[in-house]
Amino acid sequence: MDQITVVYWSSTGNTEAMAKYIGEGIEDAGKKANVVDMDSFSADELKDCAVFAMGASAMGDEELDDGTAEPFVCEVETFAQGKKIALFGSYDWGDGEWMRNWVKRMEDAGAEIVGGEGLICNNDPQEEDAQNCRELGRKLAAL
């Protein structure tokens, strides 16, 4: 697997920035990163991928966006069994409950979460967040 897909939904650009940093980590590790917006990508394209990353920012009462991210994630749940998935996203307030819920959903669907938990960032990614994203990308590339 020479290419790893990083698909994201971003309401403010913060999760998009995280996706790009993850892509940098993948490429630093010698693989090709395919960083794409959920709005222009079909979940079906992930069916044959053993390893990939999904990102979405928290919305409302710490939940996934119900217009794009939630339907996308619901579709991935139908074929997540045996996949290695990295989850990531940004939030503005709260404590990351949306990510814990998302991790549980993917684990319940049979996926292995890369790193054991989702990677979250409060608002725009700072340098430490960018480094954490790159490290997640390197972990994906090592699988």
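Everything numeric here is computed off the predicted structure, so don't read it as measured data.

Chemist: Whenever I open this one, unusual backbone geometry confuses me. Can you help?
Modeler: Even without a glycine there, the phi angle at asparagine 123 is positive, about 60 degrees. Checked against the element boundaries, asparagine 123 lands in the loop between β6 (119-122) and α4 (127-142).

Chemist: Explain the nonpolar core to me, please; I cannot follow it from the model alone.
Modeler: In a soluble, globular protein the nonpolar side chains are often hidden away together inside. With 30 residues, the main nonpolar core has Met54, Val76, Trp102 and Met106 as its most contacted residues. Contributions of two or more residues to this core are made by β1 (3-9), β3 (51-56), α2 (69-77), β4 (84-91) and α3 (97-108).

Chemist: When you look at the pairing of β1 in this model, what are you seeing that I'm missing?
Modeler: Each regular strand displays side chains that alternate between the two surfaces of the sheet. Most of β1 sits inside the fold, with six of its seven residues counted as buried. Here six bridges tie β1 to strand β2 (residues 32-37), and the two strands are oriented parallel to one another. The residue of β2 that forms the bridge with threonine 5 is asparagine 34. Crossover connection from β1 via helix α1 (residues 14-28) to parallel β2: handedness right-handed.

Chemist: Mind showing me how you'd approach the side chain of threonine 15 here?
Modeler: Here threonine 15 is to be found in helix α1. By relative accessible area, which is 0% here, threonine 15 ends up buried. Those residues in contact with threonine 15 that sit more than four places away from it in its chain are Tyr8, Trp9, Ser10, Gly55, Ala56, Ser57, Phe88, Gly89 and Ser90.

Chemist: What is the right way to read α1 from this model?
Modeler: Working note: α-helix, 3.6 residues per turn, so residues spaced by three or four point in the same direction. For α1, which comprises 15 residues, the first-to-last C-alpha distance of 21 Å matches the rise-based estimate of 21 Å (1.5 Å per residue) to within 8%. Every buried residue of α1 is accounted for by Asn14, Thr15, Met18, Ala19, Ile22, Gly23, Gly25 and Ile26. Where α1 is buried, its residues contact β1, β2, β3, β4, β6 and α4. Remark: glycine 30 follows α1 within two positions and exhibits a positive phi of approximately 95 degrees.

Chemist: Would you mind going over α4 with me for this structure?
Modeler: For α4, built from 16 residues, the straight-helix expectation of 22 Å at 1.5 Å per residue is met to within 8% by its first-to-last C-alpha distance of 23 Å. Residues of α4 that are buried: Asp129, Ala130, Cys133, Arg134, Leu136, Gly137, Leu140 and Ala141. In an axial view of α4, the angular spread of the buried residues amounts to 155 degrees, which keeps them on one side of the axis. Exposed and facing more than 90 degrees away from the buried side of α4 are Glu127, Glu128 and Ala142.

Parameters at a glance
- Residues numbered from 1 in each chain as written.
- Predicted model: local features only at pLDDT ≥ 70, side-chain atom pairs only at ≥ 80, totals over all residues.
- Heavy atoms only, no water.
- Helix = DSSP H or I, 4+ residues; strand = E, 2+ residues; numbered from the N terminus.
- Core = buried A, V, L, I, M, F, W, Y, C linked by side-chain atoms within 4.5 Å.
- Buried < 20%, exposed > 50% of the residue type's maximum accessible area, 1.4 Å probe, protein only.
- Pairing = 2+ DSSP bridges.
- Right-handed = clockwise from strand over helix to strand, strands pointing away.
- Contact = heavy atoms within 4.5 Å.
- Expected span 1.5 Å × (residues − 1).
- Arc of directions from axis to C-beta.

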